[in-house]
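For reference, the chains in residue letters:
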Amino acid sequence: MSPSFFPAASLYAAVEYSPVGTLFFNQSFEITYANPAAAALLGGPAVGTDIRDLTGPLDLEADGKEPRVLRQGDRSFSCRIACIPDSEGLAIFVLTLLESEARLRSQSELETAWKLSDDLKEILEGSFDGILVTDGEGNVQFMNSSYERVSAIPRQELEGRNMRALINPVWMENSVAFVVADERRAVSKRQVTRDGRDIIVTGMPVFDGDGNIKRIVINARDITEIYHLREELLNAKSRELQHYQSVLSTVNVDSEKMVAISESIKKVFLLAKRVGGFDTTVLILGESGAGKEEVAREIHRSSLRRDHALVTINCGAIPENLLESELFGYEKGAFTGASNVGKIGLLEAADGGTVFLDEVGELPLSFQVKLLRVLETKQITRVGSIRAKAIDVRFIAATNRNLDKMVQDRTFREDLYYRLNVVSITVPPLRQRREDILPLSLYFLNMFNHRYYQNKVMTPEVIKRMEEYDWKGNVRELRNVVEHMVIMSPNTHLQISDVPWIIRQCGGGDAAEGPGASAPESITDLNLAVRQLEIRLLEQARNACGSTREMARYLHIDQSTVVRKLHKYGLTAT
């Protein structure tokens, strides 16, 4: 522990281990301290003796200006006297000495040492952040003026005291110095000062050669303004979320209707309502997951058959050998394993209503001719029966395949194609109507929040990323992504890192991890590859570190760069 008279006790170690002989004495010329180098040069002068016994008569005002030569026996020393006022304004004098045979070199080293000391004090005092140094027991060794300002603790309450004396239940329940001493690692804490300001204090342990904590350096920064800016940012995000919710409130979120905001999809549904009033066959075209079934439902809801059944048949999901019996039904004993009472077919079950033939392009040629017959005659014949039965149904068909090309390739009957294509409606893919992504996302979010008893909120960063995505699976993929995030995310406010394709790109699942992992070979866009790699490295650093400062050291970049990139990609710091 340093002597209590040191005016800046944090410099104690530098003096104690300095090769320059150093003596401290007071205005009464009493030696109060001698470092090991001075003891070795002078044979161990006793603390408490008169410095003039060593130097002879002294004029402190005159002798403190120029170097002088001190002789002791056959040895001579170059020495210099300086005055340092302590915290109470009393004068403490420092005498430094070197053997005169190395006078010129020593003089230069001494001046350099003093300059370094002065520079160090200027740097510490010039720091905008508060700096406090304690020993391993929490005894204050040094503090700069900024610490007094930031912490709102007067200097006289800190200098020469133990931090434990400041602990109180109102504004300092514990000192970060003791937390650092207990946990033996860097620790950051938020504190509220006596005058109500928010500050962040970070303690860093300094270990000696034996692994013991010899010093704790505490940095304090006023973050009141940062908190105000944070509140403004949160308010701005809240206003943005309110905007999103207002968009949702303008949308009819009836579970039986599709959300329609864009002009292109609105035209589709206007056309669906128009043709709904005409009892004709309709062919709906569009990519898988684009919402063809919703259009079929709108046609049925707008028709005179709305009070009867809408029977959906996925033509690609029924095995070829069962198509006829499933659609037309069968009589009892029609084939091995048939029910003893027979079975009504799906077309007959829809009598009076509407049949939606989804993925009609998947029908085998052998069955297409039978379907054509039903469309033309509105009659079906059960398997095992010789008697036709009239049915009153309306047909709506849909496919994601190119039926024109299939007709040219002779994999789809031309006569059936023209029979189905009386009126055609094309549903645009989601990537061509990006203004629908926001309301659809919020619509599905509300749906799954209600279904799974959650209260998740979609942040603007997530919505922006979703609006930039191409959605090859269209509305169906969007629905699945939202459901995935609601179920899998531990966050109430959904983050960029919760988006499934971001997880896959950033090393989720079986993807490679670590700084050496390469981007997928399929990525040819350099900006996209760089963005994905940065996200992966940031998340890896976040998982390995406890703060943005540690992340910066981990990634070998500035802390400000870490903070900026976390904000850029919508990632949280911890």
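About the thresholds
Residues numbered from 1 in each chain as written. Predicted model: local features only at pLDDT ≥ 70, side-chain atom pairs only at ≥ 80, totals over all residues. Heavy atoms only, no water. Helix = DSSP H or I, 4+ residues; strand = E, 2+ residues; numbered from the N terminus. Contact = heavy atoms within 4.5 Å. Areas by Shrake-Rupley, 256 points an atom, 1.4 Å probe, with all protein chains shown as cover. Pairing = 2+ DSSP bridges. Axes fitted to C-alpha atoms, helices over the stretch in contact; angles between N-to-C directions. Parallel < 35°, antiparallel > 145°, perpendicular 65-115°, else oblique. Nonpolar A, V, L, I, M, F, W, Y, C, P; charged D, E, K, R; others polar. Left-handed = near helix turned anticlockwise from the far one by under 90°. Phe/Tyr/Trp six-rings, centres within 6.5 Å; stacked < 30°, edge-to-face > 60°. Buried < 20%, exposed > 50% of the residue type's maximum accessible area, 1.4 Å probe, protein only. Lys NZ or Arg CZ within 6 Å of the ring centre and 35° of its normal.

Concerning the overall build of the protein
Inference 1: A count of helical and extended segments in the protein gives 22 helices and 21 strands.
Inference 2: Considering only intrachain contacts with a sequence separation of at least 6, the fraction spanning at least 24 residues in the protein is 57%.
Inference 3: When the accessible surface of the protein is split by element, carbon and sulfur atoms take 50% of a total near 30500 Å².

Re the pairing of strand 2 (residues 31-34)
Residues in a regular strand point their side chains to alternate faces of the sheet.
Inference 1: In terms of strand pairing, strand 1 (residues 21-25) meets strand 2 through three bridges, oriented antiparallel. Residue pairing in the sheet places F24 in a bridge with Y33 of strand 2.
Inference 2: In this antiparallel pair of consecutive strands, strand 1 and strand 2, the connection spans five residues, and F29 shows a positive phi of 65°.

Quick word on the environment of K214
Inference 1: On the secondary structure map, K214 appears in strand 10 (residues 213-222).
Inference 2: The spacing of K214 and G136 is 78 residues in sequence and 4.9 Å in space, taken between C-alpha atoms.
Inference 3: Not counting chain neighbours up to four residues away, the residues in contact with K214 comprise T134, D135, G136, V206, F207 and D208.

With respect to the packing of helix 21 (residues 548-555) against helix 22 (residues 559-568)
Inference 1: Running from amino to carboxyl end, helix 21 crosses helix 22 at an angle of 105°, the nearest separation of the two axes being 8 Å. Relative to helix 22, the element helix 21 lies roughly perpendicular. Note on element contacts: helix 22 touches helix 21 through Q559, V562, V563 and L566, opposite T548, R549, M551 and A552.
Inference 2: Split by residue class, the contact of helix 21 with helix 22 holds five nonpolar, two polar and one charged.

Some thoughts on the sheet that holds strand 18 (residues 394-399)
Inference 1: The strand order 12-15-18-11-19 describes an open sheet built from five strands, whose pairing is parallel. Both edges of this open sheet fall to strand 12 (310-314) and strand 19 (423-426), since each of them pairs with a single strand only. Across the sheet, the mean angle separating the axes of adjacent strands is 20° when strand polarity is ignored.
Inference 2: Note that strand 15 (residues 354-358) and strand 18 share five bridges and pair parallel. The residue bridging F356 from the neighbouring strand is I396, located in strand 18.

Regarding the side chain of D358
Inference 1: As for its position among the elements, D358 is in strand 15.
Inference 2: Not counting chain neighbours up to four residues away, the residues in contact with D358 comprise I313, N314, C315 and A398.

Here we look at the packing of helix 9 (residues 263-276) against helix 10 (residues 292-301)
Two quantities define a packed helix pair, namely the angle between the axes and the distance from one axis to the other.
Inference 1: Direction vectors running N to C along helix 9 and helix 10 enclose 40°, while the axes themselves pass 7 Å from each other. Judged by the angle between their axes, helix 9 and helix 10 are oblique. Seen from above, helix 9 lies across helix 10 with right-handed handedness. When helix 9 is examined against helix 10, the residues V268, F269, A272, K273, V275 and G276 are found in contact with a partner set consisting of E294, V295, E298 and I299.

What to know about the packing of aromatic side chains
Inference 1: All told, the structure shown has seven aromatic pairs when counted by the stated rule.
Inference 2: Judged by centre distance (5.3 Å) and plane angle (55°), the ring pair of Y443 and F444 falls under tilted. Both residues of the pair, Y443 and F444, belong to the buried class.
Inference 3: Ring centres of F448 and Y452 lie 6.1 Å apart, and the angle between their planes is 15°; this geometry places the pair in the stacked category.
Inference 4: The ring of F29 carries the charged tip of R52 above its face, separated from the ring centre by 4.0 Å.

A few points about the sheet that holds strand 9 (residues 198-207)
Inference 1: An order of 7-6-10-9-8 is seen for the five strands of this open sheet, with the pairing classed as antiparallel. The open sheet has two free edges, formed respectively by strand 7 (140-143) and strand 8 (187-192), since each of these has just one partner strand. Each strand axis lies, on average, 20° off the axis of its neighbour in the sheet, ignoring direction.
Inference 2: Examined bridge by bridge, strand 9 and strand 10 share nine bridges and lie antiparallel to one another. The residue of strand 10 that forms the bridge with G203 is I218.

Read these as spatial facts, not as claims about activity.
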